[in-house]
Structure formats: structure tokens, C-alpha cells
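Residue-level structural notes
Okay, here's what each chain looks like letter by letter:
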Amino acid sequence: VGPVPLQMARTQKNKATAHHLGLLKARLAKLRRELITPKGGGGGGPGEGFDVAKTGDARIGFVGFPSVGKSTLLSNLAGVYSEVAAYEFTTLTTVPGVIRYKGAKIQLLDLPGIIEGAKDGKGRGRQVIAVARTCNLILIVLDVLKPLGHKKIIENELEGFGIRLNSKPPNIGFKKKDKGGINLTATCPQSELDTETVKSILAEYKIHNADVTLRSDATADDLIDVVEGNRVYIPCIYVLNKIDQISIEELDIIYKVPHCVPISAHHRWNFDDLLEKIWDYLKLVRIYTKPKGQLPDYTSPVVLPYCKTTVEDFCMKIHKNLIKDFKYALVWGSSVKHNPQKVGKDHTLEDEDVIQIVKK
């Protein structure tokens, strides 16, 4: 019958074979997962000696083929905006540095050797991927002279590790049960999934009782992502390097490509544009603190990820004991109607708010 991808290629695509393809996709996803999650047993635990301490408020991973100018970009960015030189060396990766931008500390990580075959367990790929999955943003560095081939390969690699770029989790409700079979509800017309296909995909995971709700036109891959449950959704920017080697006309075309920033790492062209886009994609929220009777400290904000911006999250970021003595907070800024306003720990803060914590 041949390996799974071959079977998929040989299968004609039509209504009758849809659920067979769904089944093969599920099988492939399972095999891949076994590759990227190290087998248990034996000492040591997964990925020994390879984890870079997470410092700063966000972590950006750089991925790219050799000689696309990744190192130049990293060292030039770190050189221009950095306060800290390379200070953490592990055997496998070097942290080129931490840059400070708009008051936030951003860690830059070079992710070497993800490319081509890492997801099949070659080389040190696995550990690198584990780190890639913890990034808040991925920069794919491409050579402007041969971008598309590289882009596809890198995307395939990252996809194979359950990293989804610039996309949101599929709008699918999925709940396992003890009995009652498979219940499929679709709130809108489905072009790919029917009860038959859903059942055969779930059967591959030995799931025979579950409620599935499709709230958007979903694909077999979407359903598999939800069942696997280990996907990470990371924003991504494509950095097209070496623009000193192309014409103005070509540059105009590149500027229209979504998620793309053209730069020249060597000449340090367009770094401000790149940093601005990085800032947009990271969606960080800066909160300034104001000690009682003093002016707010605008030099070192407390930086929160955009999904965790309540007053409680703010307190936890500073110290976990802070929430125990918390009485209320005074907030100035766009998240409140009056300046200042008294708020509780569930209040959601917005970028550049000023906060003063009042203790019991």
C-alpha cells in the first residue's frame, strides 16, 4: 500500500474518498506526534541540557536557512538595540542577546537546524523545536532572491511540529464522553467534513464517544488539530533580507505581501519598520507603576502579554505575595472612565495604563 503520504497522493479527491483522506491525515498526525514527543523511560527526561532560560518580556525565534543573513541580522539588531551582550551560552544555542524596545525586554533566539528533516527526528531538531514552541513570535528570515522555495520548506517543518503560523485555533468544540456515540453539530454548511469523515478521524484516535461542534467551515486538518490538542498558535513575520540586491520595482511588490518586511541586515536598512511590526505582532501591554505620593515611573514598565492583562496578572508578574495583601488599585489610563479609578483585581488593564496598588 505504501507509506501514508504516498497513499494520500494516490487517492483521488472526491466525496467518496473524503473520509479515507481524513483518516490518513489523522494517521500521519499521530505518527508525527510520536516523533516530536520523546519516548518516556530511562532517566534524564526530555531534551536534556537544551533549554534557554526565558528572560525578558517576550521571546522571538529566528528561523532561516544558512547564509540568508540571519546571524548578521541578529547581531546587528542586538548590537543596535541591546543593553546586554551575549551572556548565556549553552552547548547548542547561543542567545545573541536581549534588546530593549519601547521599555520591553525582548529576547532574540537563533533556532539553528530546524530546517529540512528536523521534524522527522533528524539531528538536534527536536530540542530546537521545543524551544521554538515557546516563542511569542517567529521571524522567518528569507533571502529576497530565492524566498518562496525556502518559505514553503520552513513552513512545512514548523507545521509538522504543531506550530501554526498567523492563524487562530479552529472554531471547533470538542468534548469526550463516556457513552452516547459521536454527536456532530454544525452551525454552518460544511464543505469537507460530514459525520462519516468525523467518525473515521476520531476512530483513528480510538474515540467513539464525543460531542463535536463545527462553528466554521472546518477541514479534516482543523479537526485533527483540535483532537491532538497540542498545537501552538504563533504569529510570524517573514523578513526578506538582502534588498540591496534588487530593484525599486521589485521592492514595491514585496511591500504588498502580507506579514512581510523587507530589510538589509548588512546595511541595517529598514530596522525601524521591522521593530515596529515586531511590536505590533507581539501585542505587549505596558503598565507603569506609581508609588504613593510619587510620579509614575515611565522608564521601566511592567510588561504583560495581551491575553493576561488583569490587575491580578500584573500583581503576579511582580510578586505572588502581592495579591495576598491586595486591597484595591488606582488606575489612570484608557482602561478606566475616571482618572484615577478604584478597581479590583479582575479589572483588565490596557497599554500604557498607570497603576498604584493599595495594600490592606
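This report concerns the structure included in the present document. On a predicted model such as this, the values are computed, not experimentally measured, just so you know.

Brief notes about the pattern of salt bridges
- The full count for this structure, using the stated rule, is 16 salt bridges.
- With a closest N to O distance of 3.2 Å, Glu-204 and Arg-27 form a salt bridge. In this pair, Glu-204 is assigned in helix α6 (residues 195-204) and Arg-27 in helix α2 (residues 18-36), connecting sequence segments 177 residues apart.
- By relative accessible area, which is 32% here, Arg-27 ends up partly exposed.
- One salt bridge in this structure joins Arg-286 and Asp-351, with 3.0 Å as the shortest N-O distance. Residue Arg-286 is found in strand β13 (residues 284-289), and its partner Asp-351 is found in the loop between β16 (341-343) and β17 (353-359); the two are separated by 65 residues along the sequence.
- A relative accessible area of 31% places Asp-351 in the partly exposed class.

What to know about the environment of Pro-340
- Within the secondary structure, Pro-340 sits in the loop between β15 (326-332) and β16.
- Accessibility expressed as a relative area gives 37% for Pro-340, which makes it partly exposed.
- For the pair formed by Pro-340 and Val-354, sequence separation is 14 residues and the distance between their alpha carbons is 9.0 Å.
- Those residues in contact with Pro-340 that sit more than four places away from it in its chain are Leu-330, Val-331 and Trp-332.

Quick look at the sheet that holds strand β7 (residues 172-176)
- Within the open sheet, the three strands sit side by side as β7-β9-β8. Their pairing is mixed. A strand with exactly one partner marks an edge of an open sheet, and here the two such strands are β7 and β8 (182-186). Neighbouring strand axes in the sheet, compared pairwise and without regard to direction, differ in orientation by 5° on average.
- Examined bridge by bridge, β7 and strand β9 (residues 210-214) share five bridges and lie antiparallel to one another. Bridging from a neighbouring strand, Lys-175 pairs with Asp-211 of β9.
- Against the sheet, α6 touches β7, β8 and β9, its axis set at about 135° to β8.
- With respect to the sheet, helix α7 (residues 220-228) is in contact with β7 and β9, its orientation differing from that of β7 by roughly 45°.

Calculation notes
- Residues numbered from 1 in each chain as written.
- Predicted model: local features only at pLDDT ≥ 70, side-chain atom pairs only at ≥ 80, totals over all residues.
- Heavy atoms only, no water.
- Salt bridge = Lys/Arg side-chain N within 4 Å of Asp/Glu carboxyl O.
- Helix = DSSP H or I, 4+ residues; strand = E, 2+ residues; numbered from the N terminus.
- Buried < 20%, exposed > 50% of the residue type's maximum accessible area, 1.4 Å probe, protein only.
- Contact = heavy atoms within 4.5 Å.
- Pairing = 2+ DSSP bridges.
- Axes fitted to C-alpha atoms, helices over the stretch in contact; angles between N-to-C directions.

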